[in-house]
Amino acid sequence: MTKVDTRLNVSPVPPDEIFALNGAYAVDPHPQKVSLGVGVYRTDDGKPWPLPVVQKAEKELVGDDDLFRHEYTAIEGDVPFLGIARDLMFGFEGKQGEEEAKARIGSVQTVAGTGANHLGALFLAHHMKPANVWLSDPSWANHETIWELADVPIKKYPYYHAETRSFDFEGMMSSLESEAQEGDVVLLHACAHNPTGLDPNKEQWVAIADLCERKKLFPFFDSAYQGFASGSVEEDAWAVRYFFNTKPDMEMCVAQSFSKNFGLYGQRVGAFHYCTNRASVTLRDVVVNNLCHLIRGEFSMGPRVGCSIVKKVLTNDELTADWHQDLQVMSSRIKTMRKALYNELVRLQTPGTWEHIIQQNGMFSYTGLSPKQVYALKDKYHIYLLKSGRASISGLSQKNVAYVAQAIDDVIRNEN
């Protein structure tokens, strides 16, 4: 082997599982192949679904000469978009005390939800220097990468109870209560937890907020599915709004993505919101100034077109109503396919309990399948899902759900 002359100290890192799985699916010639890996919405025909409201907005924007001159925006991003994104997340609708509440929130545009998570992690690592960040076990795999790159030690709180396939609320609370330190960051999924599809109920969210306040922990919300999970933007933002409105003396932040709820996966539309406490409102502009310093050194400013689509939709009453209808279409189809898979497994009398599939929420289901069973699904049936057993429910359709259920039944019985 020829010796390479380099000063680099590098070694291979594992490929991203989701993108590797999607690549393998793409080149698989099998006529009945099924993709349950990548988290993108698909129609019942298995095709991408550009939201009709987005297509309307795109047609109206074609004549916008300013947009298609491709000029720079500000470092913090498209300022009108940021106000719209903030109001969608926090629910400002002319309520009493609204201006005082808005004054607590510093917002910047990011490169989608991943960029918002990364920017937030980097900002906190530099300026708050938390001893640890607490991630749910399990969590979105990219959370771990993001916080590793920010060089913040990672700890994990229990989240999934494998035997009952349920949310381990008691384990989460006990772990944070006994081990989390003042100033630690706690990463929370605002709704449609990825990968389990299991969310705290409102009573549990109240208890989590109380714990964060009492132990002086820093809540970091990742909101990737607002409106997509339940069909209601208000319901899916409930936890974020509860923390913000009822704990005004507690700082927090939110990473907000528009990839799923607008179908703008490739446009990379996102925002990061830092919420000061009510005693330190004057820090908001300093926070934004420092966020802009990080942005300038990384990507200078967010892209224009995707956020202009969001802005167009959410500043037009008719288009906003259309968007809410599109959210209902997507969330309803996901729920329908959960029920269809559950019904098929019950019909087949597949060993085990499958109620968790219909009790979970959002795009993903933690099926409970073992890695061996997942590999068997791929090898025997050309059905692709993550080795953890996480399945993207949007990959199911009326055409393939019986085939998928039959395959699951087979591997459950024969691949222990």
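Our structure is the block above this text.
Residue numbers here run from 1 along each chain, matching the order of that chain's written sequence. Given that the model is predicted, a residue must reach a pLDDT of at least 70 before its local features are reported, and side-chain atom pairs must reach 80 or more before they are shown or counted; all residues, however, enter totals for whole chains, interfaces and linings. Only hydrogens and water are set aside; all other atoms, that is, all heavy atoms of the structure, feed into the side-chain values.

Q: Any details on the overall build of the protein chain? Residues and values, ideally.
A: Going along the chain from the N terminus, every DSSP run of H or I of four or more residues is numbered as a helix, and every run of E of two or more is numbered as a strand. What the protein chain contains, in helices and strands, is 17 helices and 13 strands. A compact globule built from 416 residues should have a C-alpha radius of gyration of about 22 Å, and the protein chain, at 22 Å, falls within 12% of that. For the protein chain, the spread of C-alpha atoms along the principal axes amounts to about 65 × 60 × 55 Å. Only protein chains enter the accessibility calculation, which uses a 1.4 Å probe; a residue is then buried when its area is under 20% of its type maximum, exposed when over 50%, and partly exposed in between. Looking at the protein chain as a whole, 54% of its 416 residues qualify as buried. Between two residues, a contact is recorded if the distance between any of their heavy atoms is within 4.5 Å. By sequence separation, contacts in the protein chain at least 24 residues apart represent 75% of the contacts at least 6 residues apart. Accessible surface area values rest on a Shrake-Rupley calculation with a 1.4 Å probe, where residue burial reflects the displayed protein chains alone. Looking at the protein chain as shown, the accessible area adds up to about 19300 Å², and 51% of this sits on carbon and sulfur atoms. Seen as two clouds, the 42 positive and the 52 negative side-chain charges of the protein chain have centres 4 Å apart. Only the C-alpha atoms count toward the radius of gyration. The rule for a globule is 2.2 Å times the residue count to the power 0.38. Here Asp and Glu are counted as negative and Lys and Arg as positive; His is not counted, and neither are the chain ends. A charged residue contributes its charge at one atom only: NZ of Lys, CZ of Arg, CG of Asp or CD of Glu.

Q: Describe in detail the nonpolar core, supporting the description with residues and values.
A: Throughout this description, the term nonpolar core refers to a set of buried Ala, Val, Leu, Ile, Met, Phe, Trp, Tyr and Cys residues connected via side-chain atoms within 4.5 Å. Ranked by internal contacts, the top residues of the largest apolar core, which has 63 residues, are Tyr225, Phe262, Trp323, Leu341, Leu377, Ile383 and Ile408. For this core, the elements supplying multiple residues, two or more each, are helix 2 (52-61), helix 3 (79-90), strand 10 (269-275), helix 13 (305-314), helix 14 (317-347), helix 16 (371-381) and helix 17 (401-414). Here this core gets ten residues from one element, more than from any other, and that element is helix 14. Ignoring sequence-local partners within four residues, the contact set of Phe262 consists of Leu51, Val54, Val310, Val313, Leu314 and Trp323. Grouped together as the second largest cluster of nonpolar side chains are 37 residues, Ile105, Ala180, Leu188 and Ala190 included.

Q: Describe the pairing of strand 9 (residues 252-257), listing the residues and the values that go with them.
A: For strand 9, the tally of buried residues reaches six of six residues, placing the bulk of the element in the interior. In strand 9, alternate side chains face the same way, and those of Met252, Val254 and Gln256 on one face and Cys253, Ala255 and Ser257 on the other are all buried. Relative to strand 9, strand 8 (residues 218-223) runs parallel, the two sharing four bridges. Paired with Phe221 across the bridge in strand 9 is Val254. A pair of strands is considered paired only if DSSP assigns at least 2 bridges between the two. As paired elements, strand 9 and strand 10 share six bridges and run antiparallel to each other. By the bridge assignment, Cys253 is partnered in strand 10 with Tyr274.

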